[in-house]
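The residues making up each chain are set out below.
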Amino acid sequence: MGSVEKYFELVDQNQQQFIETLREAVAIPSVSSDASRRGDVVRMGEWLQARWEAAGAVCKRVEPGKQDLHGVELDLPPVILGQYGNDPAKKTVLVYGHYDVQPALLEDGWDTDPFTLVEKDDRLIGRGSTDDKGPVLGWLLCVETHKQAGIEMPVNLKFCWEGMEESGSEGLDAIIEAEADKWFKGTDVVCISDNYWLGTKKPCLTHGLRGVSYFHLQVEGPGADLHSGVFGGTVHEPMVDLVHLLAKLVDNSGRIQVPGIYDQVMPVSDAEERTYEGLEFSHNALASDLKRDIIIHAEERDTLKHRWRFPTLSIHGVEGAFYAPGDKTVIPARVRGKFSLRTVPNMEPEKVAQLVKRYLQDEFAKLGSKNKMTVIETHAGRWWYSSPNHPNFVAGSRATEKVYGVKPDLTREGGSIPVTLTFEENLGVNVLLLPMGAADDGAHSINEKIDKRNYIQGIKLLGAYLHEVAVTDMTA
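For the structure given in this document, a descriptive report is provided here. None of the values given here were measured: they were computed from a predicted structure. (Residues numbered from 1 in each chain as written. Predicted model: local features only at pLDDT ≥ 70, side-chain atom pairs only at ≥ 80, totals over all residues. Heavy atoms only, no water.)

1. Side note on the packing of helix H12 (residues 391–404) against helix H14 (residues 452–471)
Two quantities define a packed helix pair, namely the angle between the helix axes and the distance between the axes.
Phase 1: At a minimum axis distance of 8 Å, the contact between H12 and H14 shows a crossing angle of 135°. In this view, H12 runs oblique relative to H14, as classed from their interaxial angle. Handedness of the H12/H14 crossing: right-handed. Where H12 approaches H14, its residues Asn392, Ala395, Gly396, Arg398, Ala399, Thr400, Lys402, Val403 and Tyr404 are matched on the opposing element by Arg453, Asn454, Gln457, Gly458, Lys460, Leu461, Ala464, Tyr465, Glu468 and Val469.
Phase 2: When grouped by side-chain class, the residues that make up the contact of H12 with H14 number eight nonpolar, six polar and five charged. (Axes fitted to C-alpha atoms, helices over the stretch in contact; angles between N-to-C directions. Helix = DSSP H or I, 4+ residues; strand = E, 2+ residues; numbered from the N terminus. Parallel < 35°, antiparallel > 145°, perpendicular 65-115°, else oblique. Left-handed = near helix turned anticlockwise from the far one by under 90°. Contact = heavy atoms within 4.5 Å. Nonpolar A, V, L, I, M, F, W, Y, C, P; charged D, E, K, R; others polar.)

In structure tokens form, the structure reads like this:
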């Protein structure tokens with residue numbers, strides 16, 4: 001029996017033990033956005049560090065600094081850096097994950113206590129089970145199982161666990177930049193398991209993420225709110241101007257109306273077109289998830305393209321307007337609309353902001369309004385794209401076939417995982433997104449779960465991936 005097969009066999013034997021480990025981690029309510037839970041977040045980081053050190057890893061606890069959370073000054077949770085193995089003859093893989101979770105209360109609609117792992121119908125239900133405690137534990141259990149089986153780890157493993165991912169990863173970028181030529185020196189490739197399959201049956205590798213540029217569109221008029229019965233029809237109303245401008249940004253088919261915005265978008269190649277064939281995705285399943293068929297596109301591949309590789313613009317809300325139940329005849333003095341634009345290869349955030357601002361200024365000028373209009377860009381995160389033919393992805397694909405018996409779907413995602421680009425730019429190495437969970441896991445939602453199959457097979461996958469990296473020429 002080969003070492004990988006022996007590893008698989010022991011993973012199967014240890015299934016219940018692995019579930020109990022996840023139960024222990026889920027029980028720590030490491031909610032990073034809640035000041036009252038900050039001690040629990042730190043406790044979760046310390047739990048991980050202690051467990052890794054017991055397994056033989058060398059760890060380094062890095063304090064990112066302070067945070068002002070709703071007027072309360074708090075210490076940011078530690079970033080736990082570590083290394084298992086230091087053989088110069090082996091490749092070095094860096095893995096990343098986060099140990100903080102989204103808020104969760106029973107009264108939000110959970111069927112059970114969110115911080116008590118419940119096993120039901122082969123589902124492991126609990127906050128953080130899939131996002132991201134299950135995958136983070138997967139790497140730990142992979143190392144512990146190799147050690148238990150007497151199998152030598154095929155690579156050197158470095159890791160980076162943070163406790164603020166669900167709250168903007170505050171302080172992490174500075175640590176990665178500072179440690180790029182120190183702790184992270186010698187890294188050959190990076191692997192992140194913090195996303196999900198396209199469907200529920202077929203595994204995937206993810207090689208692209210969209211960026212996001214966020215804007216506030218402010219219109220201000222009188223010095224104070226006005227009575228509509230007195231001033232309606234006699235003044236330029238900020239809300240009327242704002243609604244007009246927001247309606248000019250995107251049409252009902254989802255096409256962005258800003259001139260020149262599509263000029264930088266990378267064309268769809270024939271090779272890319274072929275990657276949409278045979279994916280585990282259907283409009284029927286999507287409509288079922290949405291609880292109503294409100295899908296814009298007729299073809300499934302067009303839906304995926306607009307989720308993954310074309311820019312989109314979404315309007316999120318209006319600040320300063322009356323929104324409470326009941327009626328109020330007020331003319332708001334100042335309103336601020338909020339919208340974001342998801343960017344794709346090869347769009348430059350600076351150019352996007354320039355086009356958006358110029359377009360809104362031109363449209364506002366057409367109104368002839370005496371109000372004041374301001375466009376404020378509050379965030380500009382870049383997109384990330386990697387070739388699925390890179391040896392790191394080849395290793396991931398081979399590992400997936402070994403565990404699941406099928407070639408993985410090659411996917412991109414509509415959202416953003418900023419740390420992916422941070423690692424790539426600062427370390428200068430390839431990053432692979434290797435998901436463990438399925439599309440219906442409900443990360444951030446009530447009754448978050450990871451299927452037992454995904455958790456156990458996922459632990460096998462992470463180990464198989466490390467063995468494939470060891471025998472793959474990363475310079476090819």
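2. Here's the deal with the nonpolar core
Phase 1: Trp52, Trp161, Phe423, Tyr455 and Tyr465 are the most contacted members of the largest nonpolar core, which totals 88 residues.
Phase 2: With residues up to four places along the chain from it excluded, the contact list for tyrosine 465 reads Val93, Trp139, Val189, Val190, Cys191, Asn392, Ala395, Gly396, Ala399, Leu432 and Leu434.
Phase 3: Among the nonpolar cores identified, the runner-up in size contains 29 residues, and Leu245, Ile256, Leu355 and Met373 belong to it. (Core = buried A, V, L, I, M, F, W, Y, C linked by side-chain atoms within 4.5 Å. Buried < 20%, exposed > 50% of the residue type's maximum accessible area, 1.4 Å probe, protein only.)

3. Considerations on the environment of alanine 89
Phase 1: Among the structural elements, alanine 89 can be located in the loop between strand S4 (79–84) and strand S5 (92–98).
Phase 2: Distance in space between the C-alpha atoms of alanine 89 and proline 154 is 10 Å, their sequence separation being 65 residues.

4. A short note on the pairing of S4
Phase 1: Burial runs high along S4: six of the six residues are buried.
Phase 2: Neither face of S4 is left uncovered, since the one carrying Val79, Leu81 and Gln83 and the one carrying Ile80, Gly82 and Tyr84 both have all their residues buried.
Phase 3: Pairing of strand S1 (residues 58–62) with S4, which is carried by five bridges, proceeds in the antiparallel orientation. Residue pairing in the sheet places cysteine 59 in a bridge with glycine 82 of S4. (Pairing = 2+ DSSP bridges.)

5. Quick notes on the sheet that holds strand S7 (residues 123–125)
Phase 1: The strand order across the open sheet built from three strands is S6-S7-S20, with neighbouring strands paired in antiparallel fashion. With partners counted over all chains shown, the strands left at the sheet margins are strand S6 (118–120) and strand S20 (449–451), one partner each. Between one strand and the next, the sheet's axes are offset by a mean angle of 25°, whatever the strand orientation.
Phase 2: Pairing geometry for S7 and S20, over three bridges, is antiparallel.

6. Looking at the packing of aromatic side chains
Phase 1: Counted under the stated rule, the structure contains nine aromatic pairs.
Phase 2: Both rings, one in tryptophan 197 and one in tyrosine 404, keep their centres 5.5 Å apart while their planes meet at 80°; by these two values the pair is edge-to-face. Of this pair, tryptophan 197 sits in the loop between strand S9 (189–192) and strand S10 (204–209) while tyrosine 404 is found in helix H12, placing the two residues 207 residues apart along the sequence. A single burial state applies to tryptophan 197 and to tyrosine 404, both of which are buried.
Phase 3: Pairing tyrosine 276 with tryptophan 308 gives two aromatic rings, centres 6.0 Å apart and planes at 25°, and the pair type is stacked. Here tyrosine 276 is found in the loop between helix H8 (270–274) and helix H9 (283–290), whereas its partner tryptophan 308 is found in helix H10 (residues 300–308), with 32 residues between them in sequence. The burial state of tyrosine 276 is the same as that of tryptophan 308; both residues are buried.
Phase 4: The structure contains a cluster of three or more aromatic residues connected by ring pairs, namely Trp52, Phe159 and Trp161.
Phase 5: Its end group placed over the ring of tyrosine 262, arginine 255 keeps NZ or CZ at 4.0 Å from the ring centre.
Phase 6: One Lys or Arg, arginine 309, reaches over the ring of phenylalanine 310 and ends 5.0 Å from the middle of that ring. (Phe/Tyr/Trp six-rings, centres within 6.5 Å; stacked < 30°, edge-to-face > 60°. Lys NZ or Arg CZ within 6 Å of the ring centre and 35° of its normal.)

7. Some details on helix H3 (residues 38–55)
Phase 1: For H3, which comprises 18 residues, the first-to-last C-alpha distance of 26 Å matches the rise-based estimate of 26 Å (1.5 Å per residue) to within 8%.
Phase 2: Just past H3, the residue glycine 56 takes up positive phi, approximately 115°. (Expected span 1.5 Å × (residues − 1).)

8. Brief notes about the packing of helix H7 (residues 238–247) against helix H11 (residues 349–367)
Phase 1: At a closest axis distance of 10 Å, the pairing of H7 and H11 adopts a crossing angle of 130°. Considering their axes alone, H7 and H11 lie oblique with respect to each other. Between H7 and H11 lies a crossing of right-handed hand. Side by side, H7 and H11 meet where Asp241, His244 and Leu245 of the first sit next to Leu360, Glu363, Phe364 and Leu367 of the second.
Phase 2: Here the contact of H7 with H11 is composed, by residue class, of four nonpolar, one polar and two charged.

9. Considerations on the state of the cysteines
Phase 1: This structure, assessed with the given rule, holds zero disulfides.
Phase 2: The closest cysteine sulfur to the non-disulfide-bonded cysteine 59 is located on cysteine 160, 12 Å from its own sulfur.
Phase 3: For cysteine 59, a relative accessible area of 16% corresponds to the buried category.
Phase 4: Here cysteine 142 stays unpaired: no disulfide links it, and the sulfur of cysteine 191, its closest cysteine neighbor, is 11 Å away.
Phase 5: Judged by its relative accessible area of 0%, cysteine 142 falls in the buried class. (Disulfide = S-S within 2.5 Å.)

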